[in-house]
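Residues per chain, in single letters:
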Amino acid sequence: MSFEGVRDDGFSTLAARFWHPVARAVDVAPGQVTMATLLDRDLVVWRDHQGMAHVVDDLCSHRGTRLSAGDVADDGCVRCPYHGWRFDGGGTCTQIPQLGTSRPIPRQADVIAFRTSEHAGLIWTCLVGEDEELRPRPTWDVTEAGTHWLHVGATYDWDAQVFRQVENFCDVAHFSVLHVDTFGNADLQEMDAIHVDVSDDGWHLSFDYPYASFNPSDGSGPFDMVFEYRLELPFTVALTGASGPGSVMCIAPSPMSADRTRLFWVCAFPLGTDVDADEYEEIERRIWEPDRAIVGGQRPDRLPLDLLEELHLPFDRLAVAYRRGLAALGFTVPGARRVDGAPAPGPRG
Ligand SMILES: [Fe+2]
């Protein structure tokens, strides 16, 4: 596919070859329409009356209207609010009211549709076809195991690059500084090296981090916990243990653009775990907010993938492995702007 008209420095072209969430399933009820932005591309997300979710360009082929301002017709197609043109989930224009029922619909009226999938309470899409996809949609097995129930968190928009957000989520060295008003333990600022395992195929980075954290809801503790991180390149992380024993918090920050990120996150709790959803949301908000403020101010905006560009100490090994992995995937270092849409070069050296 082409990204004509999309501001692109290689990041969008490469990031488009992965699956990303574009909406929470709960926010798109049958017959409901919403809008999303993924990699500078405006999308309309809707659910037909049978419950199937669809994603196409948020742009009527007729007069450039936002289809997301329309509705879902009785046949499950999204309907443009301006002239009533209908489009099905494959992007096919199925009705132009002004042509009546006997005249053919020109195929130029069709819009671009994207593959769509639901997993873990999120609606995911991929902007390229199967042949260009670099990786299947991430799957968090715990959400489908029947052993856990799912809390689908409120989304947060960050003025930050998606890689900066992922790295922040995995940066355990800041807990005892930035998060001391919630779970962080100010007495544990000194740290040993982190040992990161890289899977044989290179897609997964994992490490365990024992940490005596406080209970953010009542300040009790500290309690000896083990935070188990499993990052799947390039965009998703599952963190076991941070929201209580057996819990798995899964994050999927979605790049609205190269420098703006919508954080989708869900937490799987073991069946029988009693959680006050509102209280839990408020706690997580108090944890995410300082992160959002800090990460939004990091410079350069783009994560430096040249390891010489920032200082890395032994407790930063996840960051080192992550940056190496991104570079190996072909994401470029900042400043290496490409305008030809060609695949980005590999790591330096
Ligand atoms: Fe944080």
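Parameters and conventions
- Residues numbered from 1 in each chain as written.
- Predicted model: local features only at pLDDT ≥ 70, side-chain atom pairs only at ≥ 80, totals over all residues.
- Core = buried A, V, L, I, M, F, W, Y, C linked by C-beta atoms within 7 Å.
- Buried ≥ 20, exposed ≤ 12 C-beta atoms within 10 Å, placed from the backbone.
- Domains from an automatic or database assignment.
- Contact = placed C-beta atoms within 7 Å.
- Pairing = 2+ DSSP bridges.
- Helix = DSSP H or I, 4+ residues; strand = E, 2+ residues; numbered from the N terminus.
- Axes fitted to C-alpha atoms, helices over the stretch in contact; angles between N-to-C directions.

## Quick look at the nonpolar core
Grouped together as the largest cluster of nonpolar side chains are 83 residues, with contacts concentrated most on Val-22, Val-45, Val-237 and Cys-250. Each of domain 1 (18–126) and domain 2 (141–329) accounts for three or more of the residues forming this core. Discounting chain neighbours no more than four positions away, the residues touching Val-237 are Val-166, Phe-169, Cys-170, Tyr-229, Leu-231 and Ile-251.

## A closer look at the sheet that holds strand β1 (residues 20–24)
With antiparallel pairing, the 6 strands of this open sheet are ordered in space as β1-β10-β9-β4-β3-β2. Both edges of this open sheet fall to β1 and β2 (33–38), since each of them pairs with a single strand only. Within the sheet, the average angular offset between the axes of one strand and its neighbour, ignoring direction, is 30 degrees. Judged from the 2 bridges that link them, strand β4 (residues 53–57) and strand β9 (residues 113–119) form a sheet pairing that is antiparallel. Counterpart to Val-56 in the pairing with β9 is Ala-113.

## Focus: the sheet that holds strand β5 (residues 71–72)
Each strand in a sheet pairs with its neighbour through backbone hydrogen bonds, running either in the same direction (parallel) or in the opposite one (antiparallel). The sheet built from 4 strands is open, its strands ordered β5-β6-β7-β8 with antiparallel pairing. Each having just a single partner strand, β5 and β8 (93–95) make up the two edges of the open sheet. Relative to β8, strand β7 (residues 86–87) is paired through 2 bridges, and the arrangement is antiparallel. What sits directly across from Phe-87, in β8, is Cys-93.

## A few points about unusual backbone geometry
That bond from Gly-221 to Pro-222 is cis: its omega, 10 degrees, falls within 30 degrees of zero. Looking at the secondary structure, you find Pro-222 in the loop between β14 (204–213) and β15 (223–232). The omega angle of the peptide bond from Arg-299 to Pro-300 is -5 degrees, so this bond is cis rather than trans. Looking at the element boundaries, Pro-300 is found in the loop between α4 (277–296) and α5 (317–329). The backbone phi angle of Leu-39 is positive, close to 55 degrees, even though this residue is not glycine.

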